[in-house]
Structures are given as structure tokens and as C-alpha cells.
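Listed below, chain by chain, are the residues.
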Amino acid sequence: SLAMVPQEVLEHIAFFAATEGFLGPPSGLVPLLSLNRATHAALSCRHNPHLYAQIFAAKFDVDAAARRLGSGKLSAAALTEELQRRSNVLKRIRGRQDAKAPASDKHLRWILWTAFLMALESDGKNERQLLEYAQVNEWLKEYLFDPKGASAVVSSISVSDVWPRNSDELSLALWLFWYMLQPDDYLKNDSLFRHTSGILKVIALGAHKYPCCYPEWIEFVPRSCRHAPTVVKHFSSEISLVAPAPAAPAILAYLTLVNKLGVSWVDPAPKPLLTPMNVDRRIVRKSAERDCDWARLCTLADPKLLLKPRLAGAFTPGGLEGVWEGIFTYTEFTSYAALLSGAPPSVLQKSLVAQHRQTIKIREWHFIEPTVDPYAPREHTRPLAPGNPTRGYIPDGVEAYEHSDRLELLIPGSPKPCVYLPWSTVKKMNAADRVVDVFLTGEGHSAWGQFNLLGRVRPSDGYISLSKEYTDGDRGKWLYRAYMVGNANGNLTGRWRDTLSPPHMPGYEGTWVASRRR
């Protein structure tokens, strides 16, 4: 009789029944739970949360959540609750529920936040559950690119010729689309490729409608986020998070698809494109690569971190150091001017997009928090003040002089320079946790010529801003802004902008991406 089986043996039987098949909810438990009241009581979530915690760890990734939330937040009861929540969400995605209109806003937020956080925490298991069991890419195709999709993106652009509403749900879906993107799925089907990339083009290039960052790029130390956080139930905690801005994943996905194809489909006469971007989809799918992305969500929801002029975990010192290769794109100026004057998205969809390769070399310089020793010599006890947003947050009049062991910033009216240290010195000092400001210098070249770079990293969210000035003088100055999406193997993705337009007004903008040279 099964009633005579010891509890420990019964739990082993239940565990193997639940995990015999890796994908999907632990449906193998259902026959055991339905056997009789005694067995149900011994194996129920209420009476045996440790069993379900073990099942959760066998089916989903745990390391990232423990690293970010603290192991104290991952009790057996918390893992059991999360197992139930994810099982329900995965089944809804697999069944294509809420992908098409009409859809419940409450269910959409629940599905998208749960799947998005699973992607952020994936070390392999979460991604398999999303891709192989839930088939989340099929759900996203319907939600984002179907004429009846609940996002209303296609109906807005193709039917009404109006700009789709920027919402948290749209942002989360685009980030999830980028994290899970498998370009070959779209390149095998020409009509699907043209339709998908045409929709992504509107969001990627529509800079006046879809921001790259929260808060606004003009603020180095933000006064507030102005973007309401969402309270999300994650494991046993209710945490406040701000959904990331929608532009970065749209830019990455759009340029990845267009460059993977190898021909310029926006031109009636197809022509070879430049060398495709180096976007290695195998490397980046580890949770450690997304620690900064996670920190950014939390920082923007916490005024204590957001308003502090120091690094808050959304940028890893040393991460930008080195050589980067990529492309920048631009549309016809007359077409973009029409957009800023109120033209509908169809004007952007019909516009030709040009692109050029560029290579940049970036050097990081770091201001280290002063030691507590009052007698320790130091020229400045505070980093450089916030400055001109169109000059990479550098105050007007400040001059930078590079030396092998330091960067000296000459500030008007100050008798001594403000000194920043190179990354090599910071590593030797083991002082990465004392970095409070990051200054950037560099140079590069493109089809337009040689250029120099100066800029800074916004401490609260790791937003990178670089002033790009061509050495021949004819090409002028441009402002390149970006996030690093991913850490060591991440991609720089964002938008460039002209520096003649006032910062608080829309200007002439295009996109750019870069990957680290391998």
C-alpha cells in the first residue's frame, strides 16, 4: 500500500514524477495528488513547500535571483509561490492567451513582467521554458506584429497611420523580443521579415516618440524619473520597478535583422550591405550579462539611488574600455524634419535609411571617492560638476589632458586640476567600489573621417553620452548617447543627435550600435 511508504521515499517519488520531463509545469504530480487525501496532504504545496522549492530549482534558474534579491528572499514558500505563478504564465503564453485583442490589461502586465524577469534571470533553464515550452516568440509575433495584436502596433501604423502608444507593456514586449530573438526565424520568410522590420523601424527611428532612456537624457543628476514605477510580485516580495525605455531593443532588433539579411530591402534596387554587426546571441544569454539591466530597473524606481550623484550598479567600471565596431544610420533630413512637424509614421516607413560603419576606441577615467584619511593629499574632493548635455555632460570651458597615469581636467576658475585615474590603476588599487564618476575619452573613424570623443557616464542608470567631433571640422559635432545592453559581452545601442538644436527640443537624430572588437 502506498500509505505505508515513508514520507521521505514518497517525496523522492513525487520529485522524480514532477521533473521527469523538464519542460513545462510539474504535471507529473497530478496523479499522485489525486490518489487519496493522505497522499494529497503529504505532498500539497501548503504542507510540503520544500518539495516544491526543489522542483522549482530543477526547472528554473535560481542563482540570479539569489544574487540580486538575497538568498533570504528565496524561502521554500517563496519558491513554491513563484513556481505556481510561472506555471500559470507559461501555460497562458503557450495557449496564446491575451496576445490578440481584446486582452485583459491586468493579465498582460502579469504575463509580460513575469516573462521579462525570467529572461533577466536566465542562465539557460528559464530561456528553455520560455522558448521551447511556452513558445514565447510565437506569442510575441502575435502580440507585436499581428494586425489584431493586443499591442495595437500594427493597427495603429498600417490602418490608422498614427504613432503607436508608448506603454510599459510595449517596452517589456520589445525587450523580451530582443532577449529571445532568433533572426533566422525571420530571414527564412521574406514577407515576415519585411513586415517585422518595417514595424521595428518606426519605433527604432522614431526618436521624437520613443525614448532611449528614463529619465530624460538632458539631466546628469535627475531631479525625478517622471515615470511611475510598477509594483511587481516577484517570489515572495513586492518590488517597485520601472519598465525600461522601448528604443534600445527596437534598435538592436531592427539593425540585427536588416544587417543579417545582407541586402538593403528599403531600397528598390537591392545592394550589398556592410559587414553585419557582431551580435553573438549565444554569449549574451547568461544572467550575469544582465545584472546592470536589472540594477537599472531598480534604481529608476528608488529616489534615494536615482538622485544620488554616484554609480548605482547600472554600469560596471571598466566595461567600456577598448575598441568597438558598429554602424550608425540616418534618414533624409527633409523626411525627418517632416516627422518633427507632425508627419505620420508612414512617412518614416517610406524613408530611405543610410548606414555607415565606424570604429571607436574608448578609454575610461575614474574619480575615486576620497579616503577617510584627512591628511591624504588630494587636489579635489568632488568629481566634475554636471555640465552641458550636448557636450556629453561636460561643463563648457573644461579642458581635458591625458597622461599615462591620470587625466587632468582644467576647470575655469580652479587653481588645481581635477584628477581622474585610468582603469588599469583602479584595478590595481582594487577600488572599483569607490568609483563615483566615469569620464570618457577616445577617438575613431568612419566613412566621414577621423573624430575625437569626450563624454561621461550618468551615474544613476549608466547612460553613456559622448561628444563626437570630426577632426577636419567640416562634419561638425554630434552627440552619441547609448546604454550598454549586457555587460562584458554587451552591445552599445542608442541614438546620435545634432548639437545645434536646443537640448530641451527634438533634434535631428539617428541610431547607432557597436559591439566589442573580438
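Computed from a predicted model, the values in this text were never measured in an experiment.

Counted under the stated rule, the structure contains 24 salt bridges. Of the charged contacts in the structure, one is a salt bridge between Arg406 and Glu408, with a shortest N-O distance of 2.8 Å. Three or more residues joined by partner-sharing salt bridges are found here, namely Glu81, Glu82, Arg85, Arg86, Glu121 and Lys233.

Moving on, we get to the side chain of Ser515. Relative to the elements of secondary structure, Ser515 occurs in strand S13 (residues 509–516). You can call Ser515 buried: its relative accessible area is 4%.

Our focus in this paragraph is the domain arrangement of the chain. By domain assignment, the chain separates into domain 1 (2–59) and domain 2 (122–310). The partner domain 2 presents six residues to the eight residues of domain 1 that form the contact. Note on domain 1 versus domain 2: buried area summed over both sides is about 640 Å², and carbon and sulfur give 61% of it. Our count for the contact surface shared by domain 1 and domain 2 stands at zero salt bridges. In the side of domain 1 that touches domain 2, the residues fall into six nonpolar, one polar and one charged.

Peptide bonds are trans in most cases, and residues, glycine excluded, mostly fall at negative phi. Here the bond from Ala101 into Pro102 is cis, since omega is -5°, no more than 30 degrees from zero. Within the secondary structure, Pro102 sits in the loop between helix H6 (76–94) and helix H7 (105–120). Cis geometry marks the peptide bond from Tyr214 to Pro215; its omega dihedral reads -10°. Positionally, Pro215 belongs in the loop between helix H13 (190–205) and strand S1 (230–234).

Calculation notes
Residues numbered from 1 in each chain as written. Predicted model: local features only at pLDDT ≥ 70, side-chain atom pairs only at ≥ 80, totals over all residues. Heavy atoms only, no water. Salt bridge = Lys/Arg side-chain N within 4 Å of Asp/Glu carboxyl O. Helix = DSSP H or I, 4+ residues; strand = E, 2+ residues; numbered from the N terminus. Buried < 20%, exposed > 50% of the residue type's maximum accessible area, 1.4 Å probe, protein only. Domains from an automatic or database assignment. Contact = heavy atoms within 4.5 Å. Buried area = accessible area lost by both parts, 1.4 Å probe. Nonpolar A, V, L, I, M, F, W, Y, C, P; charged D, E, K, R; others polar.

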